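The primary structure of each chain is shown beneath.
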Amino acid sequence: MPVLRTARPSGSADEAPPDTETREGGSPGKPAARTDKAGLRLDIQGLRAVAVTLVALSHAGVTQVAGGYVGVDVFFVISGFLITSLMLREHARTGRIALGRFYARRALRLLPASTLVVLATLAGSWLFLGPLRFADYVKDAIASAWYVVNFRLADAGTDYFNTDVPPSPFQHFWSLAVEEQFYLVWPVLLIVALKLFRRRALLGVPLLVLAAASFAVNLHLTETSPSWAYFASQGRIWELAVGALLALVAHRLPEIPRPVAAVVSWAGLAAIAYAAVAFDESTRFPGYYAVVPVFGAAAVLACGEAGGRYGAGALLSLRPAVWVGGISYAWYLWHWPLILIVPAAAGFGEHEGPLRLIAALCGIPLAWLTLHLVENPMRFHRAFKAQAGRGLAFGLGLSAVAALTAVVAAQFPPGLASGSARQNTKEALAGVSDPQAALNRMLEERIETLPSNLAPSMKDVAYKRTKVYTDDCALTMTDTVQTQPCLYGDTDAERTVVLFGDSHVAQWFPALDAIARKHNWQLYSLTKNACKVSQITIEYNGGPYSTCDAWREVTLKRILEMKPELVITSNSNSAKLWGEGDTATAWGKGQAETYRTFKENGIPVVTLLDNPWPKNNAVDCAVANPDDLGSCARDRSEADPKPDVTQAIREAAEAEDVTVIDPYPWVCAPSGNCPIVVGNTMVYRDYGHLADAYVEALTPVVERELIRLAGKDLDKLR
């Protein structure tokens, strides 16, 4: 399964500076591109409108522009161009660049509106997004207030189990963080370059070095850690640097012949449009693909107005585009939290598609109000014009207020409605003569309201993990070698059992560890997230999951050397084959190869088929519908995402004389209903994994099934 790339609230809150900051960055005496009376480059405002509209529509789920997230790249280029132009003009006019004044302008431009949105989003999250993830949203709010949320998101995206977690309502602040991190470095480099180099052409040397290094990091991270490539500033700085480099040569842009400029400007706009239409969530972005919107934006900036009446600037300078460009920053700030909060306020999942688009468009009037009632009054207030220190202090104060409010809100989290107490699941199955019969009765009992004695708590269900994960024994998507011993059960025993597969075998650890300790096994956990035991190459992040293939080869050799008494395999049957061919056919063949390898070496194998899957993230569904849990349940006939793969695994096991265990009777009632709560215990911890506490409660049922298959005594596996 892919790492976190399912929701890309990725635009840029590009600076929409005062009118004097949106002129083309030329040197004194050079003719500037056509502007309005106030000196505003209208085509840049129009390009802003294109970028923010693409981002908003993409996030709202308009599939025709699934690649609209490239608006972030357009914004980055615009920002690098405008801010560098501003600094160059200041240096040409005064002979220096005043860093204090520069940062004061940034603070007054960005922080009043962003602070308002942080506080409003915090309130909306408290009211409508439920208690489960509110503590995380508080941390996101604090990180957003201090412009470091991109690193938090990059780190979270490396967690395999975050792939189906709803995106944070503060996630879109990542792009502001990238920009501000760039502007901690670039002004200083520019000041140094202006002191060292007299020739304007040499000013780009440090910027070229920075851009080249950043682009190389971008390519590396896109292959090895997509979330870091996407959110972290290291791999994004080159995009702002392209705009900054363009500003360094802006005084030469009027020399471009008008016909050439017209063609280049339209080609640039076409490149942006192509990326928005052709790219989607499967695109390995940013990587090389980011070049398309980045250089498209640079082409429009360089030639948009120079192309005259036949250039793209003529379209971008139309009044509606200019108006939207003027509110682009505020619209960007509002659109994403509205997209998440409005559907949640209207009801979980109901009409979410249309509501997302309506919510995004509602950000337009809010943006207009924010611009005129918050942004401009603060930015142009005469109290801050004379003294940069006041602007900086005011900006720091706003960030502190937002962060402090989030800390206070964390002390009063929203509550979760619950009903009456229910039977303790673990106790009900322990010590009975027929635990499966007892489980069937509990599965048939339809629970509509969250039990008041839910154990463990919903937060622990979602976030706590067993030793397999805390001991780093469940390898991540990039790991290939298991460095930890990962030995559990009775560590002094002579008999050895191995868990082999992906997270869907690791989820059975609580039950199997207890059984191993009781029956004197050493239990080794050899698992890797999303890596199948079948000898096939599956797709990951738009390419082959090669680290899985490497790990599987090494792990198979290790198991053969161990010569265990039993290997228990399982994996999620949901994956896409890399390359040509039918997934189920290839999967069955690869599964048989693995079974045959063990069989030829005299190692018995038991395969646990994949468990039934819930409709969606069961924990989020329960939190959203605490009084209607039945709406989160699923019929077993619909609970297998890949029944053809399941059948292929069954046939491979039968052909190689491998024992198969079907876990469906442990999760679904005989009537076919698959609930998300049994007794006082959540069945699932997310979108497809069983909850640790539920698996632990199933220990007597699993043990009984293993005894039945083993013949009599689990203490004698052979």
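A brief look at the structure comes next. Being a predicted model, the structure only gives us computed values, none of them experimental. (Residues numbered from 1 in each chain as written. Predicted model: local features only at pLDDT ≥ 70, side-chain atom pairs only at ≥ 80, totals over all residues. Heavy atoms only, no water.)

### Let's talk about the pairing of strand β3 (residues 495-501)
For β3, a buried count of six out of seven residues is recorded, marking the element as mostly surrounded by other parts of the structure. For β3 and strand β4 (residues 521-528), the ladder comprises seven bridges, and the chain directions are parallel. Looking at β4, one finds that Phe500 is bridged to Leu526. Bridge count between β3 and strand β7 (residues 566-570): five bridges; the pairing is parallel. Counted as the bridge partner of Val497 is Leu566 from β7. (Buried < 20%, exposed > 50% of the residue type's maximum accessible area, 1.4 Å probe, protein only. Helix = DSSP H or I, 4+ residues; strand = E, 2+ residues; numbered from the N terminus. Pairing = 2+ DSSP bridges.)

### Concerning empty space enclosed by the protein
Counted under the stated rule, the structure contains three cavities of 30 Å³ or more. Approximately 60 Å³ is the volume found for the largest cavity. Taken together, Val533, Thr569, Ser570, Asn571, Asn573, Gln591, Thr607, Leu608, Leu609, Asp610, Thr646 and Ile649 form the lining of the largest cavity. When contributions to the lining of the largest cavity are tallied by element, the ones reaching two or more residues are β7, β8 (605-608) and α27 (643-655). Of the residues belonging to the lining of the largest cavity, the class tally is four nonpolar, seven polar and one charged. (1 Å grid on protein atoms, 1.4 Å probe; cavity = no way out; pocket = protein on both sides within 12 Å on 5 of 7 lines; lining within 4 Å. Points joined across faces, edges and corners; volume = space filled by probe spheres on them. Nonpolar A, V, L, I, M, F, W, Y, C, P; charged D, E, K, R; others polar.)

### Some points on the packing of helix α9 (residues 237-248) against helix α11 (residues 291-303)
One way to put it is that α9 packs onto α11 with a least axis distance of 10 Å and a crossing angle of 20°. Relative to α11, the element α9 lies roughly parallel. In the crossing of α9 with α11, the sense of the turn from one axis to the other is right-handed. Along its contact with α9, which presents Trp238, Glu239, Val242 and Leu246, the element α11 presents Val291, Val294, Phe295, Ala298, Leu301 and Ala302. Considered class by class, the residues forming the contact of α9 with α11 number nine nonpolar, no polar and one charged. (Axes fitted to C-alpha atoms, helices over the stretch in contact; angles between N-to-C directions. Parallel < 35°, antiparallel > 145°, perpendicular 65-115°, else oblique. Left-handed = near helix turned anticlockwise from the far one by under 90°. Contact = heavy atoms within 4.5 Å.)

### Quick notes on α11
In this model α11 runs 18 Å from its N-terminal to its C-terminal C-alpha over 13 residues, within 8% of the 18 Å that 1.5 Å per residue would give. Along α11, 10 of the 13 residues are buried, which leaves the element largely enclosed by surrounding structure. Inspection of α11 places Pro293, Val294, Gly296, Ala297, Ala298, Ala299, Val300, Leu301, Ala302 and Cys303 among the buried residues, and these make up the whole buried set. Residues of α11 that are buried make contact with α1 (42-59), α2 (71-94), α9, α10 (258-278) and α12 (312-316). (Expected span 1.5 Å × (residues − 1).)

### Some remarks on the environment of Ala438
With respect to the helices, strands and loops of the structure, Ala438 is situated in helix α19 (residues 435-444). As a C-alpha pair, Ala438 and Ala428 span 10 residues in sequence and 7.2 Å in three-dimensional space. Residues contacting Ala438, with those up to four places away along its chain left out, are Ala428, Leu429 and Val432.

### Some points on the pairing of β4
Along β4, eight of the eight residues are buried, which leaves the element largely enclosed by surrounding structure. Covered by surrounding structure in β4 are Trp521, Leu523, Ser525 and Thr527 together with Gln522, Tyr524, Leu526 and Lys528, the residues of both alternating faces. By the bridge criterion, two bridges tie strand β1 (residues 474-475) to β4 in an arrangement that is parallel. Paired with Leu475 across the two strands is Lys528, which belongs to β4. Across three bridges, strand β2 (residues 487-489) lies against β4 in antiparallel orientation. From the neighbouring strand, Gly489 faces β4, where its bridge partner is Gln522.

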